[in-house]
Amino acid sequence: MSDLILGIETSCDDTAVAVVASDGRVLSSVVASQLEVHAEFGGIYPEFAARAHISSILPTVHEALKKANITPDEIKAIGVTRGPGLIGSLLVGLNTAKGLGLGWNKPVIGVNHLRGHLRSADLEQKRVKYPATILLVSGGHTFLAHMKSAIEVELLGSTTDDSVGETYDKVGRMLGLGYPGGPVVDKLAKTGNASIPFPRPVLHKDLEFSFSGLKSAVSRYLEAHPSADNYADVAASFVEAVMEVLIKKSERALRRYPSKSFVIVGGVAASPQLREAAQKLCKSLEVELCLPPLRWSTDNAAMIALATFDYVDLAIDKKANADLQLTIKDF
Ligand code: KG4
Ligand code: ZN
């Protein structure tokens, strides 16, 4: 039997716990969603997020163990998101992990949330071939990275302001589409014409991103056209601008850093428009496109458990506990 790790992820609004084997097999992945808690706010309300984690964390741990059909004795370690994220939410996960680690006599390893996303494409089956170029597009982050191996990460360029997901969410709100904006804006965009010339921020500026100017341009357009009924065209024009920037920068990175795989992770990787544009790009560059199944694109605990395997032996050698892990430079 391969080693097992229990992963805990509470960096934002979902309480997630998973049991993953060292070969990437997911024995269980349980998520207690808070969508209903935050729906009326049109975004995440941090205080409510932390409170909801407190009530759901232990039942979610028990369910994950039950679904995996294992006892705590059978796990090698607990991996828990140590940041970045909402501090109140993170503390619930970290302190639960520490308590369980003490009670079960298991090491607790703090994992960078972004490292979890970077490793998510290898869940269930090994997909990524190194060296790889990775585009991470989530609600909290947007960046390009180059990975020589599962643990050697070089950050190539990131957003200097808003992330793509955040921009989608804000545009969704401006169009009265609710939260999260990504899926609904993409859907509406498919029915419109990309006829509005929104800017392509910092398109020519190497590998950095910026999306706040695009968000403001959409807001100004809507202010200048208060009776506009062409919301589908606004959505289509916005999505086209986002895709052009993401694909252009990804192409630049792939040409500069020869790669066997181009990997897209994070919630926005669920975008059908992005998936289609990436397919075309990879075909033209003859690079293998690696898109994890949608359930591993958005936040989950299985990716945290998988990333924990990269450190577990080192951590156990050092007789680790969560405090010690906070000093491990993993990104
Ligand atoms: O990775 P994720 O689940 O959470 C963070 O770590 O932030 O990403 C959430 C983001 C949200 O901003 C959401 O609007 C976006 O992913 N998203 C999408 C789509 N589905 C989710 N964005 C564009 N198109 C989608 N289909
Ligand atoms: Zn995330």
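Residues numbered from 1 in each chain as written. Chains lettered and ligands numbered in written order. Predicted model: local features only at pLDDT ≥ 70, side-chain atom pairs only at ≥ 80, totals over all residues. Heavy atoms only, no water.

**As for the coordination of the zinc ion (ligand 2)**
- Around the zinc ion (ligand 2), the protein contributes the donor atoms H113 (NE2), H117 (NE2) and D299 (OD), which lie 2.0 to 2.1 Å from the metal centre.
- For the zinc ion (ligand 2), the four donor atoms in the first shell make angles of 94 to 135 degrees at the metal, a pattern classed as tetrahedral.
- All donors of the zinc ion (ligand 2) belong to a single chain; written as a sequence motif, their spacing is H-x3-H-x181-D. Note that H113 and H117 are positioned in helix 4 (residues 113-119) at a spacing of four residues, about one turn of the helix. Note on accessibility: H113 and H117 belong to one class, buried. (Donors = N, O, S within 2.8 Å, 3.2 Å for Na, K, Ca; no water. Tetrahedral: all angles 85-135°; square planar, octahedral: opposite > 155°, others 65-115°. Helix = DSSP H or I, 4+ residues; strand = E, 2+ residues; numbered from the N terminus. Buried < 20%, exposed > 50% of the residue type's maximum accessible area, 1.4 Å probe, protein only.)

**Things to note about helix 9 (residues 272-285)**
- With 14 residues, helix 9 should reach 20 Å at 1.5 Å per residue; the first-to-last C-alpha distance of 20 Å fits that figure.
- Those residues of helix 9 that fall on the buried side of the exposure criterion are Q273, L274, R275, A278, L281, C282 and L285.
- The inward-facing, buried residues of helix 9 abut strand 6 (132-137), helix 6 (181-189), helix 8 (231-256), strand 9 (261-265), strand 10 (288-290) and helix 10 (294-297).
- Directly beyond the C-terminal end of helix 9, a positive phi value near 55 degrees is found at E286. (Expected span 1.5 Å × (residues − 1). Contact = heavy atoms within 4.5 Å.)

**Description of helix 7 (residues 212-224)**
- Helix length check: helix 7, at 13 residues, gives a terminal C-alpha distance of 18 Å against a target of 18 Å (1.5 Å per residue), a fit within 8%.
- Inspection of helix 7 places L214, K215, A217, V218, Y221 and L222 among the buried residues, and these make up the whole buried set. Each buried residue of helix 7 sits inside an arc of 160 degrees when the element is viewed along its axis, so together they form one side. In helix 7, those exposed residues whose orientation departs by more than 90 degrees from the buried face are R220, E223 and A224.
- In this structure, the buried residues of helix 7 make contact with helix 5 (164-174) and helix 8. (Arc of directions from axis to C-beta.)

**A look at the packing of helix 8 against helix 9**
- Interhelical geometry of helix 8 versus helix 9 gives an angle of 30 degrees and a closest axis separation of 10 Å. Considered as vectors, helix 8 and helix 9 are oriented roughly parallel to each other. As helix 8 runs across helix 9, the sense of the crossing is right-handed. In this structure, helix 8 uses V239, M243, L246, I247, S250, E251, L254 and R255 to contact helix 9, whose residues at the interface are Q273, L274, A277, A278, L281 and L285.
- Taken together, the residues of the contact of helix 8 with helix 9 break down into ten nonpolar, two polar and two charged. (Axes fitted to C-alpha atoms, helices over the stretch in contact; angles between N-to-C directions. Parallel < 35°, antiparallel > 145°, perpendicular 65-115°, else oblique. Left-handed = near helix turned anticlockwise from the far one by under 90°. Nonpolar A, V, L, I, M, F, W, Y, C, P; charged D, E, K, R; others polar.)

**Topic: the sheet that holds strand 8 (residues 153-158)**
- One open sheet accounts for five strands, arranged 8-7-6-9-10; its pairing is mixed. In this open sheet, the two edge strands, each paired with only one partner strand, are strand 8 and strand 10. Shown here is a sheet whose adjacent strand axes are inclined to one another by a mean of 20 degrees, direction ignored.
- Alignment of strand 6 against strand 7 (residues 142-147), held across six bridges, turns out to be antiparallel. The partner of T133 across the bridge, within strand 7, is H146.
- The strands that helix 8 touches are strand 6, strand 7, strand 8 and strand 9; relative to strand 6, the one it contacts most, it runs at about 155 degrees.
- The sheet contacts of helix 9 involve strand 6, strand 9 and strand 10, and relative to strand 9 the element is tilted by about 170 degrees. (Pairing = 2+ DSSP bridges.)

**Re the nonpolar core**
- Y168, F198, F238, L246, F262 and I264 are the most contacted members of the largest nonpolar core, which totals 45 residues.
- Where this core is concerned, the elements lending two or more residues are strand 6, helix 5, helix 6, helix 7, helix 8, strand 9 and helix 9.
- With 13 residues, helix 8 is the single largest residue contributor to this core.
- By size, the runner-up hydrophobic cluster in this structure holds 21 residues, among which are A21, I57, I78 and V92. (Core = buried A, V, L, I, M, F, W, Y, C linked by side-chain atoms within 4.5 Å.)

**Notes on the pairing of strand 5 (residues 108-112)**
- In terms of residue burial, strand 5 counts as a mostly covered element, since five of its five residues are buried.
- Burial along strand 5 is two-sided: V108, G110 and N112 and I109 and V111, pointing in opposite directions, are all buried.
- Where strand 4 (residues 77-83) meets strand 5, five bridges bridge the pair, whose relative direction is parallel. Looking at the pairing, I78 lines up with V108 of strand 5.

**A few points about the site of ligand 1**
- Around ligand 1, a shell composed of 21 residues is seen, among which G139, D169, D186, G267 and D299 lie nearest.
- G165 has a polar backbone atom sitting 3.1 Å from an oxygen atom of ligand 1.
- Within the side chain of D299, an N or O atom sits 2.9 Å from an oxygen atom of ligand 1.
- Alone, ligand 1 offers 560 Å² of accessible surface; in the complex the protein occludes 87% of this.
- Sorting the residues of the shell around ligand 1 by element identifies helix 4, helix 5 and helix 6 as the ones contributing at least two each.
- The element that contributes the greatest number of residues to the shell around ligand 1 is helix 6, accounting for four residues. (Near = heavy atom within 4 Å. Polar contact = N/O pair within 3.5 Å; in protein donor to acceptor, adjacent residues only side chain to side chain. Areas by Shrake-Rupley, 256 points an atom, 1.4 Å probe, with all protein chains shown as cover.)

**Description of the packing of helix 5 against helix 7**
- Contact geometry of helix 5 with helix 7 gives a least axis separation of 10 Å together with a crossing angle of 10 degrees. Put simply, helix 5 runs roughly parallel to helix 7. Side by side, helix 5 and helix 7 meet where T167, K170, V171 and M174 of the first sit next to K215, V218, S219 and L222 of the second.
- Of the residues that constitute the contact of helix 5 with helix 7, the class distribution is four nonpolar, two polar and two charged.

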